[in-house]
Amino acid sequence: MIISIIGASYVGLIIGVCLAKAGNEVALIELDLQKVDAINSKRSSIYEEGLDELLNKVRIKVNSDYKEIENSEVVFVCVGTPSNEDGSIVLEQIENAAEQISKVLERKDEYCVVVVKSTVPPGTTEDIIIPLLQKSGKKVGEDFGVCVSPEFLREGKAIYDFMHPDRIVIAGYDQRSIDVLVTLYGDFNAPILQTSLKTAEMIKLASNTFLATKISFINEIGNICKQLGIDTYEVARGMGFDGRIGSKFLNAGIGFGGSCLPKDLGMLIARARKADYEPGILVEVSKLNEKQALKLVELLKKHVVLKGATIGILGLAFKPGTDDVRDSRAITVVQNLLQEGAMVKAYDPLAGENFKKLFPQVEYVNKEEVLNSDAILIVTEWEEFNHLDYHGKKVIDGRRILKAREASVYEGICW
Ligand code: UDX
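Worth saying up front: this structure is predicted, and the values here are computed from it rather than measured. (Residues numbered from 1 in each chain as written. Predicted model: local features only at pLDDT ≥ 70, side-chain atom pairs only at ≥ 80, totals over all residues. Heavy atoms only, no water.)

Undergrad: Give a description of helix 10 (residues 261–274) that names residues and reports values.
TA: Taking 1.5 Å per residue, 14 residues should reach 20 Å; helix 10 reaches 20 Å between its end C-alpha atoms and fits that length. Here helix 10 lies mainly inside the structure; 11 of its 14 residues are buried. Listed as buried for helix 10 are L261, P262, K263, D264, L265, G266, M267, L268, I269, A270 and A272. Elements that come into contact with the buried residues of helix 10 comprise helix 8 (197–228) and helix 11 (280–301). Residue D276 follows helix 10 closely and has a positive phi angle near 60 degrees. (Helix = DSSP H or I, 4+ residues; strand = E, 2+ residues; numbered from the N terminus. Expected span 1.5 Å × (residues − 1). Buried < 20%, exposed > 50% of the residue type's maximum accessible area, 1.4 Å probe, protein only. Contact = heavy atoms within 4.5 Å.)

Undergrad: How would you sum up the site of the ligand? Please name residues and give values.
TA: Around the ligand there are 19 residues in total, and L153, E155, K204, G257 and F318 lie nearest to it. Measuring from an oxygen atom of the ligand, one finds a side-chain N or O atom of K204 at 3.0 Å. Burial of the ligand by the protein chains amounts to 92% of its free accessible area of 670 Å². The element contributing the most residues to the shell around the ligand is helix 8, with four residues. In terms of residue class, the shell around the ligand is built from 10 nonpolar, four polar and five charged. (Near = heavy atom within 4 Å. Polar contact = N/O pair within 3.5 Å; in protein donor to acceptor, adjacent residues only side chain to side chain. Areas by Shrake-Rupley, 256 points an atom, 1.4 Å probe, with all protein chains shown as cover. Nonpolar A, V, L, I, M, F, W, Y, C, P; charged D, E, K, R; others polar.)

Undergrad: Outline the packing of aromatic side chains, listing residues and values.
TA: All chains considered together, the criterion is met by six aromatic pairs. Ring geometry for F355 and F359: centres 5.1 Å apart, planes at 20 degrees, overall stacked. Joined through ring pairs, the aromatic side chains of F162, Y185 and F188 make up one cluster. Taking the ring centre of F152 as reference, the NZ or CZ of R167 above it sits at 3.5 Å. A cation sits over an aromatic face here: R176 above Y111, 3.4 Å from the ring centre. (Phe/Tyr/Trp six-rings, centres within 6.5 Å; stacked < 30°, edge-to-face > 60°. Lys NZ or Arg CZ within 6 Å of the ring centre and 35° of its normal.)

Undergrad: Describe the pattern of salt bridges, naming the residues involved and giving the relevant values.
TA: Under the counting rule described, the total for this entry stands at 25 salt bridges. One salt bridge in this structure joins E151 and K117, with 2.7 Å as the shortest N-O distance. With a gap of 34 residues between them, E151 in the loop between strand 6 (144–148) and helix 6 (158–163) and K117 in the loop between strand 5 (112–116) and helix 5 (124–133) connect regions that are remote in the sequence. As far as burial versus exposure is concerned, E151 and K117 are alike and both buried. Put simply, E406 and K403 hold a salt bridge, and the shortest N to O gap is 2.9 Å. With a relative accessible area of 30%, K403 lands in the partly exposed category. (Salt bridge = Lys/Arg side-chain N within 4 Å of Asp/Glu carboxyl O.)

Undergrad: I'd love a proper account of helix 12 (residues 329–339), names of residues and values included.
TA: Of all 11 residues that make up helix 12, eight are buried, and the element is covered over most of its length. Among the residues of helix 12, R329, A330, I331, T332, V333, V334, N336 and L337 are the ones counted as buried. Buried residues belonging to helix 12 abut helix 11, strand 9 (310–314), strand 10 (343–347), helix 13 (352–358) and strand 12 (375–378). Two to three positions downstream of the cap, the backbone nitrogen of A330 sits 3.0 Å from a side-chain oxygen, assigning the N-cap of helix 12 to S328. Directly beyond the C-terminal end of helix 12, a positive phi value near 85 degrees is found at G341.

Undergrad: Tell me about the pairing of strand 1 (residues 2–6), residues and numbers included.
TA: Of all the five residues making up strand 1, four are buried; the element is thus mostly covered by neighbouring parts of the structure. The pairing of strand 1 with strand 2 (residues 25–29) spans five bridges and is parallel. Its bridge partner being in strand 2, I5 is matched across the sheet by L28. Taking the sense of rotation as the criterion, the β-α-β connection linking strand 1, helix 1 (residues 10–21) and strand 2 turns out right-handed. (Pairing = 2+ DSSP bridges. Right-handed = clockwise from strand over helix to strand, strands pointing away.)

Undergrad: I'd love a proper account of the sheet that holds strand 2, names of residues and values included.
TA: Taken together, the eight strands give an open sheet; going across it, the order is 3-2-1-4-5-6-7-8, and neighbouring strands pair in mixed fashion. In this open sheet, the two strands that pair with only one neighbour each are strand 3 (61–63) and strand 8 (192–195). Along the sheet, successive strands turn relative to each other by an average axial angle of 20 degrees, direction set aside. In this fold helix 1 packs onto strand 1, strand 2 and strand 4 (74–77), with an angle of close to 165 degrees to the strand it touches most, strand 2. Each of strand 1, strand 4, strand 5 and strand 6 is contacted by helix 4 (residues 92–107), which is oriented at about 165 degrees to strand 4, the strand it contacts most. (Axes fitted to C-alpha atoms, helices over the stretch in contact; angles between N-to-C directions.)

Undergrad: Describe the sheet that holds strand 11 (residues 363–364), and please don't skip the residues or the numbers.
TA: Taken together, six strands build an open sheet; the order of strands is 11-10-9-12-13-14 and the sheet is parallel. Because the sheet does not close on itself, it has two edges, and the strands there are strand 11 and strand 14 (409–412). Pairing analysis gives five bridges linking strand 9 to strand 10, with the strands arranged parallel. Residue pairing in the sheet places T310 in a bridge with M343 of strand 10. Across the sheet, helix 12 touches strand 9, strand 10 and strand 12, and the angle it forms with strand 9 is around 175 degrees.

Undergrad: Break down the nonpolar core for me, with residues and values.
TA: By size, the foremost hydrophobic cluster in this structure holds 57 residues, and its most contacted members are I311, I313, L314, L337, L377 and Y390. Sequence-distant contacts of L314, defined by excluding residues within four places in its chain, comprise Y347, K367, V370, L371, I376, L377, I378, V379, T380, F385, L388 and Y390. If you look at the next biggest cluster of nonpolar residues, it comprises 43 residues, including V77, L91, F144 and V169. (Core = buried A, V, L, I, M, F, W, Y, C linked by side-chain atoms within 4.5 Å.)

Undergrad: Quick rundown of the environment of M163? Include the residues and the values.
TA: Position of M163 relative to the elements: it lies in helix 6. Given the relative accessible area of 26%, M163 is considered partly exposed. Taking C-alpha positions, M163 is 25 Å from L350, a pair spaced 187 residues apart along the chain.

Undergrad: How would you sum up the packing of helix 8 against helix 11? Please name residues and give values.
TA: Across the interface, helix 8 lies against helix 11 with an axial gap of 9 Å and an inter-helix angle of 45 degrees. It follows that helix 8 is oblique to helix 11 by the angle criterion. Crossing geometry of helix 8 relative to helix 11 is assigned as left-handed. Along the contact surface, helix 8 presents T209, A212, T213, S216, N219, E220, N223 and K226, while helix 11 presents L282, V285, L288, N289, Q292, K295 and L299. (Parallel < 35°, antiparallel > 145°, perpendicular 65-115°, else oblique. Left-handed = near helix turned anticlockwise from the far one by under 90°.)

Printed below as a string of C-alpha cells:
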C-alpha cells in the first residue's frame with residue numbers, strides 16, 4: 001500500500017520503517033527539518049534497538065511536504081500530544097495535522113483512510129479530528145475513512161514490539177475503514193480487536209494508566225515492606241505466579257518516568273474531571289510516584305549532610321536501554337540535591353548529553369569517577385552498574401542493583 005505518516009518521532013519513524021520493511025511505499029512527513037535531514041542521511045534522531053540497521057535497509061521518503069498525502073491510501077497521524085499543566089492535552093499538533101490533511105482531501109478524488117495513532121483523550125477523533133477533516137467538503141464514511149489504531153510500543157524495544165504486538169486495536173468510523181487497516185496489518189500474528197473510535201482511544205489510555213497504577217501499587221507495597229523489614233522483591237515474586245497478577249511491572253523502586261506513562265495518566269485524570277468525575281485512585285497513583293523519587297533523597301539525608309557534599313548519580317535515562325530523559329526520575333532527584341546545596345556528579349551510558357541540556361551545572365563523568373563521591377544514588381538500573389566496586393561507599397539504591405549491597409553503607413528505597 002501507499003502510506004503517509006505525519007510525525008517522524010518515536011511512533012511515526014518506527015511504524016514507517018516497519019511498514020516499509022513489509023513492502024509498503026512509505027512517506028514520512030515531518031516539520032522538524034533536523035529530523036528530516038537525520039533520517040534522510042540514515043541516522044535516526046532517536047536511540048532504538050535495530051532502527052539504524054532497518055533505516056539503512058528500507059526505502060522511505062522523508063520531507064515536510066503534505067503533498068505526499070495526495071496519492072496515499074492510508075495516512076497515519078503520529079504527531080505529539082503534549083500536556084498542559086493540568087494534564088489536559090495540547091491539541092495544536094493534532095489540529096494542525098488534521099487541517100493539513102483536510103486541505104489535501106479537498107483536491108483528492110481517491111478514497112483514503114486517516115488513522116489516528118497519537119494518544120488522545122476519548123472522543124477526540126469524533127469531536128475534533130473528523131470535523132476538521134470534513135472542512136475539506138468531503139464526507140467521512142463516503143469520500144474518506146477514519147480509524148483509531150493506538151500503538152503499545154515500549155521505548156528501546158519499539159521495533160520488536162511493533163513486529164510482535166500482543167494485540168492490534170482497530171477502530172473505524174465504518175467497516176470499509178477497518179477493512180483497509182486489517183488488510184494492511186494482515187500478516188501480523190496477533191489478535192485484532194475491532195471496536196469503536198473512542199473505545200480504542202480509551203484502551204490506550206487505560207492500558208498505560210494501568211501500568212502506572214501497577215508500578216505505584218508495588219511501590220506502595222515496597223514502602224510498607226521496608227517499614228516491616230520484608231523484601232518487596234520476594235513478595236512480588238510470590239505475587240507474580242498468579243496469572244491474574246503477572247510478574248511484569250512489579251519492580252519496586254523510585255517510580256515511573258518517560259514520555260508516556262506520566263503524560264497518559266495525567267491526560268486520563270484531566271479527561272475524567274472534564275466529565276465531572278474525580279478519579280481518586282489515579283490521582284493517588286500520580287501523587288505516590290512524585291513522592292517516590294523524593295524518598296531517595298530523604299533516605300540519603302539520613303547518612304550525609306547534603307549542603308556542600310558531592311553526590312554521585314548512576315543513571316539518568318528514565319529507564320535502561322534508552323537515551324531519553326523525559327520525565328526521568330533523575331530530574332526530581334537532581335533538582336532536590338541542587339536545592340539542598342549539594343554538588344552533583346553523574347554518569348549514564350546513553351543519556352548524559354540529553355540530561356546536560358536540562359542540568360548544565362551537573363558534572364558529567366565516567367562511572368568510576370561517580371563512585372568517588374561522598375555518597376552514590378542509583379537511579380537507573382543499567383546492567384553495567386552490577387559490575388562496579390562499591391566497597392567502602394555509601395549507596396542509596398533506587399533500582400535494586402544487588403552488587404551495591406557490598407557498600408559500607410547501603411540502603412534500598414523499598415527494601
Ligand atoms: C510505556 C508502555 O510500556 C508502552 O506500552 C507504551 O506504548 C508507552 O509507554 P515506556 O514509556 O517506553 O512504555 O516505558 P516502560 O518500559 O513502560 O517503563 C515506564 C517507566 O516505568 C520507566 O521509568 C520504568 O523504570 C518504570 N518501571 C517499569 C518501574 O518503575 N517498575 C516496573 O516494574 C516497570
